[in-house]
Amino acid sequence: MKIYNTLSKSKEEFIPLEEGKVKMYVCGPTVYNFIHIGNARPMIVFDTVRRYLEYKGYEVNYVSNFTDVDDKIIKKAVEEGVDSAVISQRYIEECKKDMAGLNVRPATKHPLATEEIGGMLDMIKTLIEKEHAYKAADGTVYFRTRSFKDYGKLSHKNLDDLQGGHREIKVAGEATKEDELDFVLWKPKKEGEPYWESDWCEGRPGWHIECSVMSKKYLGDQIDIHAGGEDLIFPHHENEIAQSEAANGKQFAKYWMHNAFLNIDNKKMSKSAGNFFTVREISEKYDLQVIRFFMLSAHYRSPLNFSAELIESSKNGLERIRTAVDNLNHMLEGRNPQEATEKERELLEHTSEYISKFENAMEDDFNTADAIAAIFELVKFINTNSSSENTSGYLQTLKDTLVKYCDLLGIIAERKKELLDEDIEALIEERQQARKAKNFARADEIRNELLEKGIILEDTREGVKWKRS
Ligand code: AMP
Ligand code: ZN
């Protein structure tokens, strides 16, 4: 299996640090608003990478943070006159709903920056002890960029070029730095901002240190894959490498994966440019499965332009797959189990051709566009080689194969059936039992399953209430 590594700018064979296991960290969103569909691109892409790694038999430890302390969160909290935790908690919940709608599985762990301050203080202390960081007169702690010899290795930038660039954008108040390239690890609080005690000043962490610390705590000093959108290569990921490698004395991540942008009119979709659609507003117009399908219809390293035509074509593509499954379901209705005949078994062997195509595409740096093409070939094969004359065993195998490979891309090929009230009640009861047995994973799974079907649960003092969204 080959992965394009931003570090070497080439496709490399994937060899995990520990056999059979993959440690993966994906930078998550800053939670001050609903996520937009640009933010959804890395979520969908790396969820698909995770699914494929698990299909290959790896045990994947997948960590993705929420940045819940940030200028934008604080600004919004001030505007609404509430605590910044109210804002971040609200949008974490909303983000999780969007993820469920996009069929993005919850991470093994979603750490919150504000709950990991202790680890950040420790790492900053270590960096100061090793003389990779220093405290400036106003209490700000800076990373001494030039002390880290490999700085620039990820973004392939040269320190002297950077120096020139920085001079132009030097901002007031940064005069206490030893060097213009130095970046903030810890900064003093401003009036009305959340803050924590530290040896240097009452303040809060810089953004970059959060990820270095959360990755270390949940995955260890060295990880296999670190990922995010390509705008994070510099400075965020470059700075993460500097902090982690300077503090831990080991290579941080082996493979660095970056998705290209989701554009609109060929410009990056972003909150600051105002040219965005939230996942929530899109969900009112389209089935979010169409959005997932659209995102995977291009290779993750190619820019993707959001347009009504492309969404329409994704909608048709998904419809073709779902119709094939509908037809198989129709042929299977009310049938008793039967074994496939000799001739059918021969036909079934042809499907392995499409599976190989699918696998080869995914093993070539997760080429989901080609993997989808292989699925369409399978759909065509199914449409021309199935009828109600076939045995149920044969038809069932075709259906299972199609559903399985779609599921590997996180695409739900089987149309959702409307949940009946009694099905919902039964699932809620199962969730209560799971919670009693402390099986929180199953309880969360049920909540997400229901969310996906538009059922929202509310835990109240009188018990669990539900409503259709
Ligand atoms: P942010 O909340 O801006 O830190 O972004 C969260 C994640 O979304 C990061 O991995 C970003 O690189 C990614 N991202 C933001 N905008 C886009 C976009 N237009 N296309 C693709 N990825 C994006
Ligand atoms: Zn990060």
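This is a predicted model, so every value here is computed, not measured. What you see as residue numbers is a count from 1 along each chain, following the sequence as written. Chains and ligands are labelled by the order in which they are written, letters from A for the one and numbers from 1 for the other. This being a predicted model, a pLDDT of at least 70 is required before a residue's local features are given, and a value of 80 or more before pairs of side-chain atoms are given or counted; all residues contribute to the totals for chains, interfaces and linings. The side-chain values count all of the structure's non-hydrogen atoms but skip hydrogen atoms and water molecules.

**Q** Pulling in residues and values, what's your account of the nonpolar core?
**A** Take the buried residues of types Ala, Val, Leu, Ile, Met, Phe, Trp, Tyr and Cys, join any two whose side-chain atoms come within 4.5 Å, and each joined set is a nonpolar core. Buried, partly exposed and exposed residues are distinguished by accessible area as a fraction of the type maximum, computed with a 1.4 Å probe on protein chains only: under 20%, between the cut-offs, and over 50%, respectively. One finds Met24, Leu53, Phe358 and Leu402 to be the most contacted residues of the largest nonpolar core, which totals 88 residues. Under the DSSP-based scheme used, a helix requires at least four consecutive residues in state H or I and a strand at least two consecutive residues in state E, with every element numbered from the N terminus. It is helix α1 (residues 37-55) that contributes the most residues to this core, nine residues altogether. Domain limits in this description derive from either an automatic procedure or a database domain assignment. Counting the residues that make up this core, at least three belong to each of domain 1 (2-259) and domain 2 (282-407).

**Q** Lay out the domain arrangement of the protein in plain terms, naming residues and giving numbers.
**A** Partitioning the protein into domains gives domain 1 (2-259), domain 2 (282-407) and domain 3 (422-468). Computed over C-alpha atoms, the centres of domain 1 and domain 3 are 33 Å apart.

**Q** Lay out the environment of His208 in plain terms, naming residues and giving numbers.
**A** Secondary-structure assignment places His208 in helix α6 (residues 207-219). Through-space distance from the C-alpha of His208 to that of Lys315 is 38 Å; in sequence the pair is 107 residues apart. Leave out the neighbours within four places in its chain, and His208 touches Phe183, Pro235, His236, Asn239, Glu240 and Gln243. In this description, contact between two residues means that some pair of their heavy atoms is separated by no more than 4.5 Å.

**Q** I'd like a description of the coordination of the zinc ion (ligand 2), backed by residues and values.
**A** Coordination of the zinc ion (ligand 2) by the protein involves Cys27 (SG), Cys211 (SG), His236 (NE2) and Glu240 (OE), with metal-donor separations of 2.0 to 2.7 Å. With relative accessibility at 0%, the residue Glu240 sits in the buried group. Coordinating N, O and S atoms are those within 2.8 Å of the metal (3.2 Å for Na, K and Ca), and as water is not part of the atoms, a site may appear to have fewer donors than expected.

**Q** Please give an account of unusual backbone geometry that cites residues and values.
**A** At the junction of Phe234 and Pro235, the peptide bond is cis and its omega measures out at 0 degrees in the coordinates. The residue Pro235 is located in helix α7 (residues 233-248) in this model. Residue Lys438 is not a glycine yet carries a positive backbone phi of 60 degrees. Checked against the element boundaries, Lys438 lands in the loop between α14 (421-436) and α15 (440-452). With a relative accessible area of 64%, Lys438 lands in the exposed category.

**Q** Summarise the pairing of strand β15 (residues 463-468); cite the residues concerned and give the values.
**A** When DSSP locates at least two bridges between a pair of strands, those strands are taken to pair. Taken together, the six bridges between strand β14 (residues 455-460) and β15 define a ladder with antiparallel strand orientation. Its bridge partner being in β15, Ile456 is matched across the sheet by Lys467. Between the antiparallel neighbours β14 and β15 lie two residues.

**Q** Lay out the site of ligand 1 in plain terms, naming residues and giving numbers.
**A** In the neighbourhood of ligand 1, 17 residues make up the surrounding shell, with Gly38, Gly229, Asp231, Leu262 and Met269 lying closest. Distance and chemistry together define a polar contact, namely a pair of N or O atoms within 3.5 Å, with one atom able to donate a hydrogen and the other to accept it when in protein, and with adjacent residues in sequence counting only for side-chain atoms on both sides. The separation between an oxygen atom of ligand 1 and a polar side-chain atom of Asn39 is 3.3 Å. In this structure, Gly229 approaches ligand 1 through a main-chain N or O atom, which is 3.0 Å from an oxygen atom. For every accessible area listed, the method is Shrake-Rupley and the probe measures 1.4 Å; residues are considered covered only by the protein chains on display. Burial of ligand 1 by the surrounding chains reaches 89%, relative to a free accessible area of 490 Å². Among the secondary structure elements, those contributing two or more residues to the shell around ligand 1 are α1 and β9 (223-229). Top element by residues in the shell around ligand 1 is α1. It accounts for three residues. Residues were grouped as follows: Ala, Val, Leu, Ile, Met, Phe, Trp, Tyr, Cys and Pro as nonpolar; Asp, Glu, Lys and Arg as charged; and all remaining residues, including Gly, as polar. Split into classes, the residues belonging to the shell around ligand 1 amount to eight nonpolar, seven polar and two charged. We define proximity as follows: a residue is near a molecule or strand when any one of its heavy atoms falls within 4 Å of that partner.

**Q** Quick one: what's the story with the side chain of Thr67, residue by residue and with numbers?
**A** In this structure, Thr67 sits in the loop between β4 (59-64) and α2 (71-80). Classification of Thr67 as buried rests on a relative accessible area of 2%. A distance of 3.3 Å separates polar atoms of two side chains, one belonging to Thr67 and the other to Glu210. What Thr67 contacts, discounting residues up to four positions off in sequence, is Pro29, Thr30, Val31, Ile73, Trp207 and Glu210.

**Q** Talk me through the packing of helix α11 (residues 342-363) against helix α13 (residues 392-408); I want residue IDs and the actual numbers.
**A** The contact between α11 and α13 brings their axes to 11 Å, and the two run at 5 degrees. As far as their axial angle goes, α13 and α11 are roughly parallel. Listed contacts from α13 to Glu344, Leu347, Leu348, Thr351, Ile355, Phe358 and Glu359 of α11 are Tyr394, Thr397, Leu398, Thr401, Tyr405 and Leu408. Taken together, the residues that form the contact of α11 with α13 break down as eight nonpolar, three polar and two charged. Interaxial angle, 0 to 180 degrees, is taken between N-to-C directions of lines fitted to C-alpha atoms, where a helix line uses only the stretch in contact. Note on terminology: angles under 35 degrees are roughly parallel, angles over 145 are roughly antiparallel, angles of 65 to 115 are roughly perpendicular, and the others are oblique.

**Q** Tell me about α15, and name the residues and values.
**A** Here α15 contains 13 residues, and its C-alpha end-to-end distance of 18 Å stays within 8% of the 18 Å for a straight helix at 1.5 Å per residue. Considered for burial, the residues of α15 that qualify are Ala443, Ile446, Asn448 and Leu450. Buried residues belonging to α15 abut α3 (84-101), α14 and β14. Directly beyond the C-terminal end of α15, a positive phi value near 80 degrees is found at Gly454. One less than the residue count of a helix, multiplied by 1.5 Å, gives the span that helix is expected to have.

**Q** With reference to specific residues and values, describe the packing of aromatic side chains.
**A** Two aromatic rings from Phe, Tyr or Trp, using only the six-membered ring of Trp, form a pair when their centres are within 6.5 Å; if the ring planes differ by under 30 degrees the pair is stacked, by over 60 it is edge-to-face, and anything between is tilted. Using the criterion set out here, one finds 16 aromatic pairs in the structure. Measuring from ring centre to ring centre gives 5.3 Å for Tyr52 and Tyr55, while their planes differ by 45 degrees; the resulting arrangement is tilted. Here Tyr55 and Tyr52 lie together in helix α1, a separation of three residues that amounts to about one turn. Of the residues examined, Tyr55 reaches a relative accessible area of 26% and is grouped as partly exposed. With a centroid separation of 5.8 Å and 35 degrees between ring planes, the pair formed by Tyr134 and Tyr142 is classed as tilted. Among the residues examined, Tyr134 registers a relative accessible area of 7% and is labelled buried. Charge-over-ring placement is defined geometrically: NZ (Lys) or CZ (Arg) within 6 Å of the ring centre, and within 35 degrees of the ring normal. Here the basic side chain of Arg50 rests over the ring of Tyr62, its NZ or CZ set 4.8 Å away from the ring centre. Over the ring of Tyr4 we find Arg301, and its NZ or CZ is 3.9 Å from the ring centre.

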